[in-house]
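# Report on the structure
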Amino acid sequence: QVQLVESGGGLVQAGGSLRLSCAASGLTFSSYAMGWFRQAPGKEREFVGIITWSGGSTYYQDSVKGRFTISRDNAKNTVYLQMNSLKPEDTAVYYCAAGSGTVSKRQYDYWGQGTQVTVSS
């Protein structure tokens, strides 16, 4: 069965960095766009960014542009989210998802279980 497993979350001070990984199995990874989403307590799950199946194109929500970078290694079936200059408002559970390549969470077929990122001020 399809599995997406996130790792790399944790507690970091404001201004710090974290790198999340999402390892995929059970699907043809290179056929899917991969998205990152996040959900803070009491809030809707929101789009963070996306990378196309080839890795040739990325797109981010405005609040993370210039701070977050998505990359992928199709040989390793893994997608990454490098997060720099973290802010307390980045605190959330971060999810990776495999889908068709849109900002809408409804267009994603598979989801990971999430990894907690906490940014202290």
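Described below are features of the structure shown in this document. Quantities reported herein were computed from a predicted structural model and do not represent experimental measurements.

The subject of this paragraph is the sheet that holds strand 3 (residues 18–25). Spatial strand order, 1-3-8-7: 4 strands in an open sheet with antiparallel pairing. In this open sheet, the two strands that pair with only one neighbour each are strand 1 (3–7) and strand 7 (68–73). Sheet twist, expressed as the average angle between the axes of neighbouring strands with direction ignored, equals 15°. The pairing of strand 3 with strand 8 (residues 78–83) spans 6 bridges and is classified as antiparallel. Within the sheet, the bridge partner assigned to Ser21 lies in strand 8 and is Tyr80.

A few words on the pattern of salt bridges. Counted under the stated rule, the structure contains 5 salt bridges. Between Glu46 and Arg38 there is a salt bridge, with the nearest N and O atoms lying 2.6 Å from each other. Take Glu46: its relative accessible area is 33%, and that puts it in the partly exposed class. Accessibility expressed as a relative area gives 6% for Arg38, which makes it buried. Two residues, Asp62 and Lys65, come together in a salt bridge whose shortest N-O distance is 3.0 Å. By relative accessible area, Asp62 is classed as exposed at 62%. For Lys65, a relative accessible area of 44% puts it in the partly exposed group. Here the salt bridges share partners, and the residues they tie into one network are Arg38, Glu46, Arg67 and Asp90.

Basis of the calculations
Residues numbered from 1 in each chain as written. Predicted model: local features only at pLDDT ≥ 70, side-chain atom pairs only at ≥ 80, totals over all residues. Heavy atoms only, no water. Pairing = 2+ DSSP bridges. Helix = DSSP H or I, 4+ residues; strand = E, 2+ residues; numbered from the N terminus. Axes fitted to C-alpha atoms, helices over the stretch in contact; angles between N-to-C directions. Salt bridge = Lys/Arg side-chain N within 4 Å of Asp/Glu carboxyl O. Buried < 20%, exposed > 50% of the residue type's maximum accessible area, 1.4 Å probe, protein only.

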